[in-house]
Amino acid sequence: MPSKINLNRVEMPKQPPDERRRNFQEVALGYTEEQAMAEAKRCLQCKKPKCVEGCPVGVDIPEFIGALREGDMAEAVRALKRKNSLPGVCGRVCPQEVQCECRCVLAKKGAPIAIGRLERYVADWERTQACTERCEIAPPTGKRVAIVGCGPAGLTCAADLARRGHKVVIFEALHQGGGVLVYGIPEFRLPKSIVQSEVDYVRSLGADLELDTVIGRQFLVKELLDEGFDAIFLGIGAGAPRFMGLEGENLNGIYSANEYLTRINLMKAYLFPRYDTPIRKGKKVAVIGGGNVAMDSARCALRMGADEVHVVYRRSEAEMPARLEEVENAKEEGVIFDYLTNPTKFIGDEKGNVRAMEVVDMVLGEPDASGRRSPRVKKGSEHLMDVDTVIIAVGTVPNPLIPAITPELKTTKWGTLVVDECGKTTMDSVWAGGDITTGGATVISAMGAGKVAAADMDSWLRAQKKHC
Ligand code: FAD
Ligand code: SF4
């Protein structure tokens, strides 16, 4: 390495914890121009950049950082958008620490380049400009593709196919596009306006968006093909909640994280009665689980006015799947972590409201199939924890509607769709990708799957005869 390397990254300003724990505004404030330039100048512009190998959509990271530090912002935007149609989203929520950033050559000796923060800076710069940079669009092919689901997988597949000249229509069950980006991830991590502007960008490439349309109810998958679509991509996610099957789980005040977050984020329950969806404002809240969903639920409960919010997790901190940054944010805001603890039943009052939770202490044994040490119950450790609200965030399962009524689509024992390495399902002319094929994963892995499927669909479509 050259001698004058700066191994310290430029920190990004955040709202102070005491302020932000009671508001829904974005926590991270983004780099200033000066900060972005200083961070970009640390990049070594490697000839064989390892960071790119860690990006599931293959963004040319040194290229966009190089353009940024030359002050050529429009080129930085173009370099990002050549591979990634949702840079403002990815710059905020991608787990860069386990993807591009952990492969950055600087990580061997110090802090890797803050690739995500720079991506966010470039995407946010573009939003302040009068017009957006649009990638080139190939001449029309005459082929029509239906995309089911407007989450990151569907949006990426739609953008890539539209850019290749195919006519794309996205069908979305909800009244807003974005998938988990709008109904799951809270405003204080990912403002809805950012998601909306990136959905609008995909539409500007020529993709139509049909909201409030549930495929499997209004139209069957086969009917879309009969209607004249040449190919279909299913990006329908894994948004169905998983419960624990414990006694008392149906008591009032116990929510799935899915319902809790949807009410707060998509239906704006935190602005009730201005918006007409209510939610219980618990005083002592327990969130069960240790992933990003648990962190988001706990931090939402604090912002709804809870006095005490506990994350109850059956393993130790080292095994928690949540992003490190979000765990740190939750701790700074005052969320209490009860590690090696697991609920065994919920106890209600005479009106059917949850009032306590029986929990046991756990100890860790040998690693299980996931590679994490498996938890065992410590005998005789049962004790009660007073709670008035519980949020269950122990994972989700694939949305079952389409697989259940489409026998041509083969599923695994976990309910995910069976696909080959290109995302092709077992049904003719139908591809799939994202959480519906992997189970709950990440935004960028869903986008990567949308990209791979789009490339395969494009080759297949071009090999078919044109419609007259
Ligand atoms: P989804 O985002 O679930 O989108 C699927 C879309 O399909 C939805 O809009 C749904 O309404 C629609 N749909 C379903 N069925 C039908 C139908 N029959 N007809 C029409 N439309 C249908 N990942 C990260 O990388 N970083 C994070 O910080 C992060 N935080 C998360 C926080 C929460 C609370 C949750 C729940 C997830 C989080 N994830 C995070 C995971 C990430 O959001 C998902 O992996 C990703 O959104 C999956 O994308 P997808 O396109 O496959 O599905
Ligand atoms: Fe820059 Fe790190 Fe990528 Fe090298 S590996 S090009 S230093 S971001």
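Computed from a predicted model, the values in this text were never measured in an experiment. (Residues numbered from 1 in each chain as written. Chains lettered and ligands numbered in written order. Predicted model: local features only at pLDDT ≥ 70, side-chain atom pairs only at ≥ 80, totals over all residues. Heavy atoms only, no water.)

## A look at the overall build of the chain
- Secondary structure summary: the chain contains 18 helices and 16 strands in total.
- Its C-alpha atoms give the chain a radius of gyration of 23 Å, within 12% of the compact-globule value 23 Å for 468 residues.
- Across its three principal axes, the chain shows a C-alpha extent of roughly 70 × 65 × 50 Å.
- With 468 residues in all, the chain has 53% of them scored as buried.
- Within the chain, residue pairs in contact and separated by at least 24 positions form 70% of the contacts whose partners lie at least 6 positions apart.
- Counting every atom, the chain has about 21000 Å² of accessible surface; 52% of that belongs to carbon and sulfur.
- Once the 63 positive and 63 negative side-chain charges of the chain are each reduced to a mean point, those two points are 3 Å apart. (Helix = DSSP H or I, 4+ residues; strand = E, 2+ residues; numbered from the N terminus. Rg over C-alpha atoms; globule rule 2.2 N^0.38 Å. Buried < 20%, exposed > 50% of the residue type's maximum accessible area, 1.4 Å probe, protein only. Contact = heavy atoms within 4.5 Å. Areas by Shrake-Rupley, 256 points an atom, 1.4 Å probe, with all protein chains shown as cover. Lys, Arg positive; Asp, Glu negative; His and termini not counted. Charge placed at Lys NZ, Arg CZ, Asp CG, Glu CD.)

## Here's the deal with the site of ligand 1
- Residues in close proximity to ligand 1 total 36 residues, the closest being Val 93, Glu 172, Arg 189, Ile 215 and Asp 435.
- Here an oxygen atom of ligand 1 sits 2.9 Å away from a polar atom, N or O, in the main chain of Ala 153.
- Within the contact set of ligand 1, an oxygen atom lies 2.9 Å away from a backbone nitrogen or oxygen of Asp 435.
- When ligand 1 is considered free in solution it has 1000 Å² of accessible area, and contact with the protein chains removes 94% of it.
- Each of domain 2 (144-238 + 398-463) and domain 3 (241-396) gives at least three residues to the shell around ligand 1. (Near = heavy atom within 4 Å. Polar contact = N/O pair within 3.5 Å; in protein donor to acceptor, adjacent residues only side chain to side chain. Domains from an automatic or database assignment.)

## Structural notes on the sheet that holds strand 9 (residues 336-338)
- One open sheet holds the 5 strands; their spatial order is 6-14-7-8-9, and the pairing between them is parallel. Of all strands in the sheet, those bounded by a partner on one side alone are strand 6 (254-256) and strand 9. Strand-to-strand twist in this sheet, taken as the mean axis angle between neighbours without regard to direction, amounts to 20°.
- Pairing of strand 7 (residues 284-288) with strand 8 (residues 308-312), which is carried by 5 bridges, proceeds in the parallel orientation. Its bridge partner lying in strand 8, Ile 288 is registered against Val 312.
- Sitting on the sheet, helix 13 (residues 257-265) touches strand 6 and strand 14 (389-392), and the angle it makes with strand 6 is about 85°.
- The sheet contacts of helix 14 (residues 292-303) involve strand 7, strand 8, strand 9 and strand 14, and relative to strand 8 the element is tilted by about 170°. (Pairing = 2+ DSSP bridges. Axes fitted to C-alpha atoms, helices over the stretch in contact; angles between N-to-C directions.)

## A look at unusual backbone geometry
- One non-glycine residue, Gln 45, lies in the positive phi region at around 50°.
- The phi torsion at Leu 340 lies on the positive side, around 50°, for a residue other than glycine.
- Inspection of the secondary structure puts Leu 340 in the loop between strand 9 and strand 10 (341-348).
- Assessed through its relative accessible area of 26%, Leu 340 is described here as partly exposed.

## Considerations on the site of ligand 2
- Every residue close to ligand 2 is listed here: Cys 43, Leu 44, Cys 46, Cys 51, Pro 62, Cys 104, Val 105, Ile 113 and Ile 115.
- Within the shell around ligand 2, the residues separate by chemical class into 9 nonpolar, no polar and no charged. (Nonpolar A, V, L, I, M, F, W, Y, C, P; charged D, E, K, R; others polar.)

## Quick notes on the layout of surface pockets
- Of the pockets and cavities examined, the second largest pocket occupies roughly 570 Å³.
- Lining the second largest pocket are 26 residues, with Arg 9, Met 12, Arg 117, Arg 323 and Glu 325 positioned closest to its centre.
- Put simply, the parts of the chain that give the lining of the second largest pocket at least two residues each are helix 6 (87-93), helix 8 (115-127) and helix 15 (324-333).
- Element by element, the count of residues in the lining of the second largest pocket is highest for helix 15, at 5 residues.
- The class makeup of the residues in the lining of the second largest pocket is 7 nonpolar, 4 polar and 15 charged.
- When residues of the lining of the second largest pocket are assigned to domains, at least three fall in each of domain 1 (17-127) and domain 3 (241-396). (1 Å grid on protein atoms, 1.4 Å probe; cavity = no way out; pocket = protein on both sides within 12 Å on 5 of 7 lines; lining within 4 Å. Points joined across faces, edges and corners; volume = space filled by probe spheres on them.)

## Description of the sheet that holds strand 16 (residues 430-432)
- One open sheet accounts for 5 strands, arranged 3-2-1-4-16; its pairing is parallel. Of all strands in the sheet, those bounded by a partner on one side alone are strand 3 (208-210) and strand 16. Each strand of the sheet is rotated relative to its neighbour by a mean of 20°, with strand direction disregarded.
- Sheet topology note: the strand 1 (residues 144-148)/strand 4 (residues 231-234) ladder contains 4 bridges and is parallel. Directly across from Val 148, in strand 4, lies its bridge partner Leu 234.
- Across the sheet, helix 18 (residues 443-463) lies against strand 1, strand 4 and strand 16, angled at about 170° from strand 4, the strand it touches most.

## Topic: the pattern of salt bridges
- One pass over the full model with this rule turns up 34 salt bridges.
- Where Asp 458 meets Arg 462, a salt bridge forms, and the shortest distance between an N and an O atom there is 2.9 Å. You can see Asp 458 and its partner Arg 462 sitting in helix 18, 4 residues apart, about one turn around the helix.
- What emerges from the salt-bridge pattern is a single network uniting Lys 14, Arg 20, Arg 189, Asp 296, Arg 299, Arg 303, Glu 326, Glu 332 and Glu 333. (Salt bridge = Lys/Arg side-chain N within 4 Å of Asp/Glu carboxyl O.)

## So, the environment of Arg 163
- Inspection of the secondary structure puts Arg 163 in helix 9 (residues 152-163).
- Note on Arg 163: relative accessible area 19%, which makes it buried.

## So, the side chain of Asp 458
- Exposure remark for Asp 458: the relative accessible area of 10% places this residue in the buried category.
- Contact partners of Asp 458, with chain neighbours within four places excluded, come to Leu 161, Arg 164 and His 166.

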